[in-house]
Amino acid sequence: MSRAEASVSEGAGPAKPGGPAPVGQARRPSPLWTLALFRSELGTTFRRWRTIALLGVLAAVPVLVGIAVKIETSDGGSFGEGRGGDGQGPAFFSQITNNGIFLVFASLAATLPVFLPMAIGVIAGDSIAGEAGSGTLRYLLVAPAGRTRLLLAKFTTVMAFCLVATVVVAAAGLATGALLFPLGDVTLISGTTVSFTEGLLRALAVAGVVAYSLIGIATVGLFISTLTSSGIAAMAATVGLLVTVQILDTIPQLHAIQPYLFPHYWLSFADVLREPVYWDQLTKNFGLQALYVAIFGSAAWARFTAKDITA
């Protein structure tokens, strides 16, 4: 039985005692049915080969970065010296050889501008449009959960992917760092040295901030997905918008609007690695992402609940 057929079957109400239920009778879906809908969406998303491939690519980035740093510093030099640099390298990279946990931070910094948001854009852009294009969306809407509950299940699934994708990068970075480099006390950006245990807690907090930073582009992608019945078009539009906004965020003449662009505060996660933590940029990032969720989440709901589903 297909997922769409299972949803219809689960949503069918029981017959009244003494006779069948009237045709077209509707009943309020139970919370357990709503949970089953979310579990179905979650399982379907993470069983797709495309999702597995995206997570595989994300996991490979920290491994490749770790190997590259290990090879370049095998002669005892610092990262960046082989390219005529000043020995400092990009942020966090110069610290990897001293402490493998910095590979977590370096990997998140390397994947956040492009790889992570592009993966999110693909999943979010295909969430509604992919169902419409394959013809299964109509069958999902036959069940009594309604469009609002279905959209909420899609949104929650995309948010779960944001978290899983970020954790995959962080876990791959930690595992690779532990295999290739020494571990020990962590020297924060502010110069304070903390224990390795606290360093792990900081890494967990950084991963949480990065995952939260991606919900803005995820919600925008979900909204775009409600505008078309082509999954490829929705994914391309989301990724194209991501690239455009990233470019706009680098143009000095547009400094007035840049604080309102969803990627503007993405690298604020570095402030978690200070003692005390700098909350100014982090708070602005939290508020900005919540604003995007409110605006584009409402727009997605308004569009999806009024959308004419013909396929």
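Note that residues are indexed from 1 along each chain, following the sequence as it is written. Per-residue local features are limited, in this predicted model, to residues with pLDDT of at least 70; the limit for side-chain atom pairs, both in listing and counting, is 80 or more; totals at the level of whole chains, interfaces and linings are taken over all residues. Hydrogens and water are ignored here; the side-chain numbers use all heavy atoms of the structure.

### A word on the overall build of the protein
1) Next: The number of helices and strands found in the protein is eleven helices and two strands.
2) Next: For the protein, the proportion of its 311 residues judged to be buried stands at 43%.
3) Next: Contacts spanning at least 24 positions in sequence make up 74% of the contacts within the protein whose residues lie at least 6 apart.
4) Next: All accessible-area figures derive from a Shrake-Rupley calculation using a 1.4 Å probe, and residue coverage is judged against the displayed protein chains alone. With the model as given, the accessible surface of the protein reaches about 14,900 Å², and the carbon-plus-sulfur share is 66%. Here a helix means four or more residues in a row that DSSP labels H or I, a strand means two or more in a row labelled E, and each is numbered from the N terminus. Burial classes follow relative accessibility: with a 1.4 Å probe on protein chains only, a residue under 20% of its type's maximum area counts as buried, one over 50% as exposed, and anything between as partly exposed. We call two residues in contact when some of their heavy atoms are within 4.5 Å.

### Re the confidence of the model for the protein
For any part of a model where pLDDT is low, the fine detail of the predicted coordinates should not be relied upon.
1) Next: Every residue is assigned a pLDDT by the predictor, reflecting its confidence on a scale from 0 to 100. Summarising the model, the protein shows a mean pLDDT of 83, and 77% of its residues fall at 70 or more.
2) Next: A low-confidence stretch, residues 4-26 (pLDDT under 50), is modelled with 26 contacts involving residues beyond four sequence positions or located in other chains.
3) Next: Under a pLDDT of 50 for its full length, residues 82-89 has, in the predicted model, ten contacts with residues more than four places off or in other chains.

### Re the nonpolar core
1) Next: Nonpolar cores were defined as sets of buried Ala, Val, Leu, Ile, Met, Phe, Trp, Tyr and Cys residues, with membership established by side-chain atoms within 4.5 Å. By size, the foremost hydrophobic cluster in this structure holds 62 residues, and its most contacted members are F92, I96, F105, V206, L214 and F269.
2) Next: Once residues lying within four places of it in the same chain are set aside, the contact partners of I96 are V69, F102, L103, A106 and F181.
3) Next: Among the nonpolar cores identified, the runner-up in size contains nine residues, and L150, L151, F223 and A300 belong to it.

### Some points on the environment of F93
1) Next: Residue position: F93 is located in the loop between α3 (49-72) and α4 (102-111).
2) Next: Since its relative accessible area comes to 11%, F93 is described here as buried.
3) Next: For the pair F93 and S107, spaced 14 residues apart in the sequence, the C-alpha separation amounts to 9.0 Å.

### A word on the packing of aromatic side chains
1) Next: Two aromatic rings from Phe, Tyr or Trp, using only the six-membered ring of Trp, form a pair when their centres are within 6.5 Å; if the ring planes differ by under 30 degrees the pair is stacked, by over 60 it is edge-to-face, and anything between is tilted. Applying the stated criterion across every chain, the model contains nine aromatic pairs.
2) Next: When the centroid spacing of 6.0 Å and the interplanar angle of 40 degrees are considered together, the rings of F46 and F161 count as tilted. Here the residue F46 occupies a position in helix α2 (residues 31-47), and F161 occupies one in helix α7 (residues 146-180), the gap between them amounting to 115 residues.
3) Next: Here F46 falls in the partly exposed class, since its relative accessible area comes to 22%.
4) Next: Accessibility expressed as a relative area gives 0% for F161, which makes it buried.
5) Next: Where F92 meets F269, the ring centres are 6.2 Å apart and the plane angle is 25 degrees; that geometry is what we call stacked. Highlighted residues: F92 in the loop between α3 and α4 and F269 in the loop between α10 (231-248) and α11 (280-306), separated in sequence by 177 residues.
6) Next: Three or more aromatic residues link up through ring pairs in this structure, and these residues are F223, F262, W266, Y292 and F296.

### What to know about the packing of helix α8 (residues 196-213) against α11
1) Next: Axis definition: a line fitted to C-alpha atoms, limited for helices to the stretch in contact. Angles are taken between N-to-C directions and run from 0 to 180 degrees. Running from amino to carboxyl end, α8 crosses α11 at an angle of 35 degrees, the nearest separation of the two axes being 9 Å. Contact with α8, carried on its side by V209, Y212 and S213, involves L282, N285, F286, Q289 and A290 of α11 and no other residues of that element.
2) Next: Any residue outside Ala, Val, Leu, Ile, Met, Phe, Trp, Tyr, Cys, Pro, Asp, Glu, Lys and Arg is labelled polar, Gly included; the first ten of those are nonpolar and the last four are charged. Split into classes, the residues belonging to the contact of α8 with α11 amount to five nonpolar, three polar and no charged.

### Description of a nonpolar patch on the surface
1) Next: Residues forming no salt bridge and having over 30% relative accessible area are the ones grouped into patches, like charges within 9 Å of each other and nonpolar side chains (Val, Leu, Ile, Met, Phe, Trp, Tyr) within 5 Å. Should a side-chain nitrogen of Lys or Arg be within 4 Å of a carboxyl oxygen of Asp or Glu, the pair is scored as a salt bridge. A contiguous nonpolar patch, built from V57, V114, F115 and M118 and spanning about 320 Å² of accessible area, is present on the exposed surface.
2) Next: As for its placement among the helices and strands, M118 is situated in helix α5 (residues 115-134).
3) Next: Given a relative accessible area of 33%, M118 falls into the partly exposed group.

### Section: the pattern of salt bridges
1) Next: Per the counting criterion, the structure on display carries seven salt bridges.
2) Next: In this structure, the salt-bridge partner of R50 is D126, at a minimum N-O distance of 2.5 Å. Taken together, the residues span a long stretch of sequence, with R50 in helix α3 and D126 in helix α5 at a distance of 76 residues.
3) Next: Since its relative accessible area comes to 9%, D126 is described here as buried.
4) Next: In the salt-bridge network here, residues are joined through shared partners; they are R48, R50 and D126.

### Observations concerning α8
1) Next: For a helix, the expected span equals 1.5 Å multiplied by the number of residues minus one. With 18 residues, α8 extends 25 Å between its outermost C-alpha atoms, agreeing within 8% with the 26 Å of an ideal straight helix rising 1.5 Å per residue.
2) Next: Those residues of α8 not exposed but buried are G199, R202, A203, V206, A207, V209, V210, A211 and S213.

### Quick look at the environment of A60
1) Next: Structurally, A60 is set in helix α3.
2) Next: As a C-alpha pair, A60 and V168 span 108 residues in sequence and 9.6 Å in three-dimensional space.

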